[in-house]
Amino acid sequence: MNVTTLKTKAENQLREQFDDAATTLPGSGWVKTLRANAFAAFAADGLPHRRVEEWKYTDLRERLRDVPAPVAASSKAVTAADLDRALGSLAALDAERIVLVDGVYRADLSKITAETTVIELMSLAAMLAKAPGWLEAKFANDSGVVVALNRAFMTDGVMLKVRKDQAAAKPVLLVHARAGAEASAIAVRNVISVEAGAKLTLIEAHIALDGAATGNLTNAVTDVAIADGASCVHIKSFVDRAGSTHLSTWTTRIGKDASYRGFQLTASPALARNDINITFAGTGGKLDLSGVFLARGSEHIDTTLVVDHAVPECESRELFKGVLDGRAHGVFQGKIIVRPDAQKTDGKQMSQALMLSPDAQFSSKPELEIYADDVVCGHGATCTEIDGDLMFYCRSRGIPPDVARAMLTESFVGEAVDKIEDEAVRAAISTLAIDWLRAG
Amino acid sequence: MAAVKETIEQVKAIDVDKYKYGFETDIESEKAPRGLNEDTVRFISDKKGEPAWMLEWRLDAYRRWRALKEPTWAKLHYPKIDFENLYYYSAPKGTSGPKSLDEVDPEILKTYAKLGIPLKEQEILAGVRKTGEPSPSDDSPLADGYASMAGRVAVDAVFDSVSVVTTFKKELAKAGVIFCSISEALREHPELVKKYLGSVVPQSDNYYAALNSAVFSDGSFVYIPPGVRCPMELSTYFRINEKDTGQFERTLIIADKGSYVSYLEGCTAPMRDENQLHAAVVELVALEDAEIKYSTVQNWYPGDKDGKGGIYNFVTKRGDCRGDNSKISWTQVETGSAITWKYPSCILRGDNSRGEFYSIAISNGYQQVDSGTKMIHLGRNTTSRIISKGIAAGKSQNTYRGLVSAHRKATGARNFTNCDSLLIGDKCGAHTVPYLEARNSSAQFEHEATTSKISDNMLFYCTQRGLSQEEAIALVVNGFVRDVLQHLPMEFMAETQKLIGISLEGSVG
């Protein structure tokens, strides 16, 4: 283990925390080795910084000055009403509900009405404690420093499976709630499996309950495996006003003729990094990924996306929109890779930022890496302030400037939100976004 | 359609040996000993008879170069270059600097004749002068209008490390334009060189720029005085001849207030099995209301069909729009070189200044291209435009890498970027790596990129109307690069169209 690279205060805190927590973290046998190896992988490189190309615009070494202690067992009493209040418009959705409070699965707050022949649910902590051999393979394809840290510190999460040819009738709402009054670090890992021909709509909601501490660090990893012919809608909403740091990674594998529709709403973290890694594993796969990032003050939101067309005849679409106010910095990095034999690939990507204040910043790096010739690939990136002509049009029709600005901003964001097909879910997400915009 | 036809004919006319400039000139030359150390730098400086400050400048660059690491971020793969096994200076024997045409070694003149570069001033680039048109000569009085000047090009010919001849000097001098080799400029106009050299590309800018600053042997120097529109196109023709020699030329162009100049650059090299290094630096300075148009047709030897040999082309080109309302426009056609690492950039410092980048990069065989541009918006209301067309064929890799950034105070910055890639064959790769950095909200950046092959629909449409497969491809390719071709000076446009045909030979159908 190379220990000399851990230099910063945050890196040293992580080392101490790992040493302290080694005995209390769930898991035995190979799980302990897995954690130790994961921490060693992190220690070899330390926190990523701006000289690491993928982290050019989000220097974690610089920005992550202090790492709060890993979350202690939550003693706080949380009721369904507390959750509903924090969930806002999402609370009213007719959905199965799975709840994690401060990174720990809470059976008492979760409610699954579907038969176990349709949905199978397990807590990761329970499985790590048993450490069955087959579970180890789930971590085999991990990559990156943030995921390594997650693997070292993960406390819990859900393992959710939709069985072959079954369709989850209701969306599954996976609530990640923060309740602790002390700032803490939470590492959760979700393993989602949609078996052949199955269907699932999964909504991940990251919320802070009333009285939750500020300055939290969340490291959430969700692996999604979509088997042949299956389809999955995966939505994440992160709405936090408590100056927290949010590191999120989605790793999705799309099987033959499978479909994946992803959407991410990220509003007001102090710092967020959303890594999304998609791999097409079978021909005929379809991907539609979109997102909205909203930041003001000195907030920083980074969306980094890699779409790997490893096999022929797949289609991918990405649309990301950001609204940046104050001195906020929005980052979008999107890479489309087309492997040598991935002929007939169709990939399109668009990222757009609207800057509401003169000091807002947007950095974008859309990237194409193409090794096959029979492809149609493209990307676009734009950024600017609100179009003067559009403002003029609205104002000449008697709309006051504030209202005109709000209308134009909401319609800008709306284009991405409209990618959510389910009407109720779309309305709920739209409400969250509009509430944020109007709160400014 | 004429151009299309020409492309096809050109393609057909070519034999197995596609690179027609691959011959070698047998001429004695004087070289510095192999390897690089402070003595090499002193040797070069001494050969050039440079002032002491210049030697110090070079030594400073050399020391900085020693401290720098070779960059590895580009999408390029090549064996490590042994910098200690190269010759850093090579000059045809007997030439201590540019002199009159009569004194130049006839072998060199023959070389340029073979390359189609007119060094005799009564000659005009083929295809431009109509037959029977009287030949203008250096002594003829300046014509009333510039129209009659069209088609005349002043050439600075650089052979290996030194400038062998510069044409039309007298006539340019009448307009106040200084056009000479940089060695001569160091002797005749040291104050200008001292003021501007390294002001755009500092010695330690990057690894290859530092190397160049230490050992550059020659290059062109241009100064356009205030308010002067340069009466003719200026051009430099670079030729690498000697074996195991690195070519390091340095070009410095200064357009003073309200002036205009159009500058062309061309390059070729013999075919060899070994790789050769070319690391040039080009600095452009445009003061208030000035405009510089810089066009390059790069046709260094690309290596043979198995990827053996070829030039490593590591070039730093940067223009500084220093004055308000200034404009710098880069147009490049990159068809040669085994490896191209080149990012002609614009620093838009003056208010309302404008930067342009038009590029056609064609790679075939085992060529690797990593090229693009940087547009750094610093002044107010600055605009830039990037049009990049990449064509990858064979087993080549073609990367566009670009940066557009707007400083906090660069309000009203505007950029439009379009980079399209065309793939011919399933073994090649085309990559796009753009960076957009807007640090204020009034910046308006638009970027779009596409990658595709020539669509079956297009080919079907053309062939269904009676064109052969080959004609159809030529038509589509010519259409694909049209946006950029339009920005080339006329002399280069025809040549480029032919070159595109040649470069893609063997890759189509």
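This is a predicted model, so every value here is computed, not measured.

Participant: I'm lost on the overall build of chain A in this one. Help?
Facilitator: Helix and strand counts for chain A stand at 10 helices and 19 strands. C-alpha atoms of chain A, sized along the principal axes, occupy 70 × 50 × 50 Å. For chain A, the proportion of its 440 residues judged to be buried stands at 54%. Considering only intrachain contacts with a sequence separation of at least 6, the fraction spanning at least 24 residues in chain A is 85%.

Participant: Looking at this structure, how should I read the overall build of chain B?
Facilitator: Secondary structure assignment for chain B yields 11 helices and 24 strands. Sorting the 509 residues of chain B into buried and exposed places 55% on the buried side. Of all intrachain contacts in chain B linking residues separated by at least 6 positions in sequence, the fraction that spans at least 24 positions is 84%.

Participant: What is the right way to read the pairing of strand S3 (residues 153-159) of chain B from this model?
Facilitator: When a strand is regular, its side chains alternate between the sheet's two faces. Residue and element names in this part refer to chain B. The buried count for S3 comes to seven of seven residues, which makes it a mostly enclosed element. With seven bridges connecting them, S3 and strand S7 (residues 233-239) associate as parallel partners. Of the residues in S7, the one forming a bridge with Ala 154 is Leu 234.

Participant: Before we go on, may I ask you to explain helix H10 (residues 423-439) of chain A in this structure?
Facilitator: Structural remark: α-helix, 3.6 residues per turn; residues separated by three or four positions point the same way. Over its 17 residues, H10 of chain A extends 24 Å from the first C-alpha to the last, a length consistent with the 24 Å expected when each residue adds 1.5 Å. Looking only at H10 of chain A, the buried set comprises Val 425, Ala 428, Ile 429, Leu 432, Ala 433, Trp 436 and Leu 437 of chain A.

Participant: Could you clarify how one ought to interpret the interface of chain B and chain A in this entry?
Facilitator: Think of interface size as the accessible area that goes away when the parts come together; that is how it is often given. Facing 30 residues of chain B, the contacting portion of chain A comprises 30 residues. Secondary structure elements with two or more residues in the side of chain B that touches chain A: strand S22 (414-424), strand S23 (429-438) and strand S24 (444-453) of chain B. Pairing geometry for strand S18 (residues 361-370) of chain A and S23 of chain B, over six bridges, is antiparallel. Residue pairing for S23 of chain B: Phe 362 of chain A is matched across the bridge by Ala 438 of chain B.

Participant: What should I look at first to understand unusual backbone geometry in this one?
Facilitator: Most peptide bonds take the trans form, and the phi angle of most residues other than glycine is negative. Residues and elements named next belong to chain A. Phi at Asp 257 takes a positive value of approximately 50°, unusual for a residue other than glycine. Relative to the elements of secondary structure, Asp 257 occurs in the loop between strand S10 (245-254) and strand S11 (259-267). Residue Asp 257 is classed as partly exposed on the basis of its C-beta count, with 18 C-beta atoms lying within 10 Å. The backbone phi angle of Glu 313 is positive, close to 60°, even though this residue is not glycine.

Participant: I tried to follow the pairing of strand S8 (residues 250-255) of chain B on my own but got confused; where do I start?
Facilitator: Residues and elements named next belong to chain B. Taking burial as the measure, the six residues of S8 include six buried ones, the bulk of the element. Along S8, one buried face is formed by Arg 250, Leu 252 and Ile 254 and the opposite face, lined by Thr 251, Ile 253 and Ala 255, is buried too. The pairing of strand S6 (residues 220-224) with S8 spans four bridges and is parallel. Among the inter-strand pairings, Val 222 is bridged to a residue of S8, identified as Ile 253. Summarising the sheet, S8 and strand S11 (residues 281-286) pair through six bridges and their orientation is parallel. Looking at the pairing, Arg 250 lines up with Val 281 of S11.

Participant: It is not clear to me how the nonpolar core should be interpreted in this structure. Could you clarify?
Facilitator: Side chains of nonpolar character tend, in soluble globular proteins, to be buried together. If you look at the biggest cluster of nonpolar residues, it comprises 274 residues, and the most contacted ones within it are Val 172, Val 175, Ile 203, Ile 226 and Ala 433 of chain A together with Val 222 and Ile 292 of chain B. Of all the elements, helix H10 (residues 469-485) of chain B adds the most residues to this core, at eight residues.

Participant: Which parts of the structure should I look at to understand the packing of helix H2 (residues 30-45) of chain A against helix H7 (residues 145-153) of chain A?
Facilitator: The relative placement of two packed helices is expressed as an angle between their axes plus a distance between the axes. All names here are of chain A. Where H2 contacts H7, the axes come no closer than 8 Å and their chain directions differ by 145°. When the axes of H2 and H7 are compared, the crossing they make is left-handed. Here Leu 34, Arg 35, Ala 38, Phe 39, Ala 41, Phe 42 and Asp 45 of H2 come into contact with H7, specifically with Val 145, Ala 148, Leu 149, Arg 151 and Ala 152.

Participant: It is not clear to me how the environment of Ala 80 of chain A should be interpreted in this structure. Could you clarify?
Facilitator: Looking at the secondary structure, you find Ala 80 of chain A in helix H4 (residues 80-87). Taking the C-alpha atoms as reference points, Ala 80 of chain A and Ala 281 of chain A, 201 residues apart in sequence, are found 39 Å from one another.

Participant: When you look at the environment of Leu 135 of chain A in this model, what are you seeing that I'm missing?
Facilitator: Inspection of the secondary structure puts Leu 135 of chain A in helix H6 (residues 133-136). Between the alpha carbons of Leu 135 of chain A and His 329 of chain A there is a distance of 39 Å; along the sequence they are 194 residues apart.

Participant: Any chance you could explain helix H3 (residues 52-67) of chain B here in plain terms?
Facilitator: Residue and element names in this part refer to chain B. The end-to-end C-alpha distance of H3, which contains 16 residues, comes to 23 Å, matching closely the 22 Å that a straight helix rising 1.5 Å per residue would cover. Listing the buried residues of H3 in full gives Trp 57, Arg 58, Ala 61, Tyr 62 and Trp 65. All buried residues of H3 lie within an arc of 140° about the axis, which places them on one face of the element. Exposed and oriented more than 90 degrees from the buried face of H3 are Ala 52, Trp 53, Glu 56 and Ala 67. Residues of H3 that are buried in the fold lie against helix H2 (38-47) and helix H8 (207-215).

Participant: Help me understand the confidence of the model for chain B, please; the structure alone is not making it clear to me.
Facilitator: The predicted coordinates of low-pLDDT regions are not to be read in fine detail. Residues and elements named next belong to chain B. Looking at chain B, pLDDT values average 82 and 83% of them are 70 or higher. Every residue in residues 10-17 scores below 50 in pLDDT, and together they form nine contacts with partners more than four places removed in sequence or on other chains. With pLDDT under 50 throughout, residues 122-150 is counted as low confidence; its partners more than four residues away or in other chains account for 31 contacts. Here the predicted complex scores 0.89 on pTM and 0.91 on ipTM.

Participant: Please explain the packing of helix H9 (residues 456-464) of chain B against H10 of chain B as it appears in this structure.
Facilitator: All names here are of chain B. It is the contact of H9 with H10, at a shortest axis distance of 9 Å, that shows an interaxial angle of 125°. The angle between the axes of H9 and H10 places the two elements in the oblique class. Here H9 and H10 pass one another in a crossing that is right-handed. Every residue of H10 that contacts H9 at Met 458, Leu 459, Cys 462 and Thr 463 is listed here: Gln 469, Ala 472, Leu 475 and Val 476. For the contact of H9 with H10, the per-class residue count stands at six nonpolar, two polar and no charged.

Participant: I tried to follow the environment of Arg 106 of chain A on my own but got confused; where do I start?
Facilitator: Residue position: Arg 106 of chain A is located in the loop between strand S2 (104-105) and strand S3 (119-123). It is 9.1 Å that separates the C-alpha atoms of Arg 106 of chain A and Ser 123 of chain A, two residues lying 17 residues apart in sequence.

Cut-offs and rules
Residues numbered from 1 in each chain as written. Chains lettered and ligands numbered in written order. Predicted model: local features only at pLDDT ≥ 70, side-chain atom pairs only at ≥ 80, totals over all residues. Helix = DSSP H or I, 4+ residues; strand = E, 2+ residues; numbered from the N terminus. Buried ≥ 20, exposed ≤ 12 C-beta atoms within 10 Å, placed from the backbone. Contact = placed C-beta atoms within 7 Å. Pairing = 2+ DSSP bridges. Expected span 1.5 Å × (residues − 1). Core = buried A, V, L, I, M, F, W, Y, C linked by C-beta atoms within 7 Å. Axes fitted to C-alpha atoms, helices over the stretch in contact; angles between N-to-C directions. Left-handed = near helix turned anticlockwise from the far one by under 90°. Arc of directions from axis to C-beta. pLDDT = per-residue confidence, 0-100. Parallel < 35°, antiparallel > 145°, perpendicular 65-115°, else oblique. Nonpolar A, V, L, I, M, F, W, Y, C, P; charged D, E, K, R; others polar.

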